[in-house]
Structures are given as C-alpha cells and as structure tokens.
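# Descriptive analysis of the structure
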Amino acid sequence: MKNARIITLSVFTLAIAFLMSFTIPEKETIATPEGDKFEIPSDIQDIFDKSCFGCHNTDTKNDKGKKKLMIDKLANLSKAKLVGKLDGIVEAVKENEMPPEKFLEKFPENKLTKEEAKKLMDWANNSAEELMK
Amino acid sequence: MSKELKIILLILLGLFVVVQFIPSGMPENNSTNNFNFIANNNVPTDVANLLKSSCYDCHSQEVKFPWYSYIAPISWQVATDINVGREHLDFSNWEELSKRKKIKMLGEISDEVSIGEMPMRIYKIMHSEANLSEEQRNQFVNWADNLAEKIMED
C-alpha cells in the first residue's frame, strides 16, 4: 500500500518535471524602440557581476552609482542614451576610474584583471559602434 | 593692536601683493569662434540663455571673466575650473566632435544636470542665475535628450 503511494507520487513528480522542462524561461531581452534587441552576453554579465553590478543596479543603496548607470536597465534605454552609457563604461574603465579606489581597498578581489577590463571595453565599444550603424 | 599682530598682518598683506605676480594660467577666449553651437543646432532661446548663463563660463571659448578671476589666489581656482571644464566639454569645439562623441556628451550633460551635479556648487555661489529651477532643469534635460536622438537619426 505504502509502496504504491510512493510510486504514484514519484510518477506525478516526474510528470510535472517533464512538463516544466518545456516551459523555457524567457530570456530578458527588451526591444529598443527601433526593434533591435540589446543583450548582455553572459561572459560580460559575469564581469559586471564581479566588479560593477553591486553599485550600478536599480536596487542599490549607492545613489551616485545608480544615477550614473543601472546595468539592469541598459536594455530599456533609447539608442542614443545607450551609446552614451556604453561609451561611459569604456571611458571609466580606461581611465581607471572604475571600480573606484575605495571600493577596491575593501574588496581587492573584485578588481578587474587586464583581460577582463579589455574584454569589457571591447564589448562596450563594439556594441556602441553597432548601434551607431 | 599688538605689535605681533601688526607684523603678521603686514606679512600677509605682503604675501597677497606678491602672489598677484604669479601667473594664474588663466585660459583665453578664442575670439575666432567659427563653431557657433547655438546657431548650428537651432538651440531654442530659453535653452541658449541657460547655456550662456550656466555652462559657457567653463565649457566654451566665450567665458565672461568675473572681477575676482583677476585676483590671486581665487584666480588660480577659476583657471583650473575653466581648464578642466573645457577639457571635458567645450561647446566652441562642438562641431569638431564625432557623431558618437556628441551623443555621449549629450547623455552626460543630461545626467549631470538632472542629478544636479552641474552647474557646480562653487559656481552657483557667485552666479545665482545658474541655480536652475526644477522647470529649467527639466527643460534643459529634455532638450539634451532630444538633440541626442536627432543626431542619432541623422
């Protein structure tokens, strides 16, 4: 009796899991007004998460960081604004302004490596170039 | 007044006179300003007035030097602010910028003005007209955003 119950439950659970596998979670891409999609590739998102996202997101307590850039809202911006923000990222990283010295003193492990910095700048630069076309 | 105080004041006065002879490095206005940003971009009068009253004293070659900009040590600070300001953005050189750079600058202008970082606090102390009202701020930000969109489409 008990075994039958366990089997029924297992089958039921498996069936649900099976069905759920068909509902692929929607990727978060928001179309710009022109209809093109702006997406942050996962390797770039990883770099953002490591060194930038903490201060540059919608829910941060860092007011200044939030006002300058919200990484999670980039896709909502107009093309022109987006180009400006991408160029701002290139500039801030190139000039070593970001991440800020004070932040790195506290979290030295979050410093961008040379490769990461280059990857991030290349991506931002190319994305801005693409948008200008 | 005690003798010591008199001597100290005299020394300070002497120093004040001496520093007047140190060059302040004050940047000059370039009178052959071929790039009239306001005329070239059909900037509406209200915004043009804001630009001239609140931005151009550091971000153009059309600086109106106030009287205190001739007196050291204040002149040193004024010179630095103008030099740094122009380095970031010089409306008199606007037409020399690439399309992409223009769009970036307008984005920055819009951000800095909307969060109140520009005009600088120290500038507003001596230029009350640069204390923008909420309405002026919005007007300015909208103008910058629209111009960026327009340049993007061109």
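What follows deals with the overall build of chain A. Of regular secondary structure, chain A possesses 6 helices and 2 strands. Helices (α) and strands (β) of chain A occur, in sequence order from the N terminus, as α-β-β-α-α-α-α-α. Out of the 133 residues belonging to chain A, those deemed buried represent 32%. In chain A, of all internal contacts separated by at least 6 residues, the share reaching a separation of at least 24 is 57%. Total accessible area computed for chain A in this model is approximately 9,500 Å², and 58% of it derives from carbon and sulfur atoms.

Let us now look at the overall build of chain B. A tally of regular secondary structure across chain B gives 8 helices and 0 strands. Counted from the first residue to the last, chain B has its helices and strands arranged as α-α-α-α-α-α-α-α. Counting over 154 residues, chain B shows a buried share of 42%. Carbon and sulfur atoms make up 58% of the accessible area of chain B, which totals about 9,300 Å². Across chain B, the centroid of the 14 positively charged side chains sits 5 Å from that of the 21 negatively charged ones.

Let's shift gears to unusual backbone geometry. Omega for the peptide link from Met98 of chain A to Pro99 of chain A comes to -10 degrees, which places this bond in the cis form. Topologically, Pro99 of chain A is positioned in the loop between helix H4 (79-94) and helix H5 (101-106). Cis rather than trans, the peptide bond between Met118 of chain B and Pro119 of chain B has omega equal to -5 degrees. Structurally, Pro119 of chain B can be placed in the loop between helix H6 (99-114) and helix H7 (121-126). Phi is positive for Asn96 of chain A, which is not a glycine, with a value near 60 degrees. Tracing the backbone through its elements, the reader meets Asn96 of chain A in the loop between H4 and H5. Not every positive phi belongs to a glycine, and Asn42 of chain B is a case in point at roughly 45 degrees. Here Asn42 of chain B lies in the loop between helix H2 (37-40) and helix H3 (45-54).

Before going further, it helps to spend a moment on the side chain of Glu116 of chain A. All names here are of chain A. If you trace the backbone, Glu116 turns up in helix H6 (residues 114-132). Take Glu116: its relative accessible area is 19%, and that puts it in the buried class. Residues contacting Glu116, with those up to four places away along its chain left out, are Ile47, Lys50 and Lys111.

Below, the discussion takes up the packing of H3 of chain B against helix H8 (residues 134-153) of chain B. A packed helix pair is summarised by two numbers, namely the angle formed by the two axes and the spacing between the axes. Residues and elements named next belong to chain B. Axis separation between H3 and H8 bottoms out at 10 Å; the angle between their running directions is 105 degrees. If you check the angle between H3 and H8, you find them roughly perpendicular. For the pair H3 and H8, contact is made by Asp46, Val47, Leu50 and Leu51 and by Gln136, Gln139, Phe140 and Trp143, respectively. Looking at the contact of H3 with H8 residue by residue, the classes come out as 5 nonpolar, 2 polar and 1 charged.

This part is about the interface of chain A and chain B. Frequently, the measure chosen for interface size is the accessible area removed from exposure when the parts meet. At the interface, 18 residues of chain A touch 15 residues of chain B. Summed over both partners, the interface of chain A with chain B buries about 1,400 Å², with 52% contributed by carbon and sulfur atoms. It is Ala80, Lys81 and Met132 of chain A in chain A that bury the most area against chain B; as a group they hold 37% of the surface buried on that side. The interface formed by chain A and chain B includes 7 salt bridges. Close ionic contact of Lys68 of chain A with Glu112 of chain B constitutes a salt bridge, the shortest N to O distance being 3.0 Å. Taken together, the links from chain A to chain B amount to 10 residue pairs in polar contact (both at pLDDT 80 or more). For the side of chain A that touches chain B, the secondary structure elements donating two or more residues are helix H3 (63-68), H4 and H6 of chain A. In terms of residue count, H4 of chain A provides more of the side of chain A that touches chain B than any other element does, 9 residues in total.

Reading the values: the criteria
- Residues numbered from 1 in each chain as written.
- Chains lettered and ligands numbered in written order.
- Predicted model: local features only at pLDDT ≥ 70, side-chain atom pairs only at ≥ 80, totals over all residues.
- Heavy atoms only, no water.
- Helix = DSSP H or I, 4+ residues; strand = E, 2+ residues; numbered from the N terminus.
- Buried < 20%, exposed > 50% of the residue type's maximum accessible area, 1.4 Å probe, protein only.
- Contact = heavy atoms within 4.5 Å.
- Areas by Shrake-Rupley, 256 points an atom, 1.4 Å probe, with all protein chains shown as cover.
- Lys, Arg positive; Asp, Glu negative; His and termini not counted.
- Charge placed at Lys NZ, Arg CZ, Asp CG, Glu CD.
- Axes fitted to C-alpha atoms, helices over the stretch in contact; angles between N-to-C directions.
- Parallel < 35°, antiparallel > 145°, perpendicular 65-115°, else oblique.
- Nonpolar A, V, L, I, M, F, W, Y, C, P; charged D, E, K, R; others polar.
- Buried area = accessible area lost by both parts, 1.4 Å probe.
- Salt bridge = Lys/Arg side-chain N within 4 Å of Asp/Glu carboxyl O.
- Polar contact = N/O pair within 3.5 Å; in protein donor to acceptor, adjacent residues only side chain to side chain.

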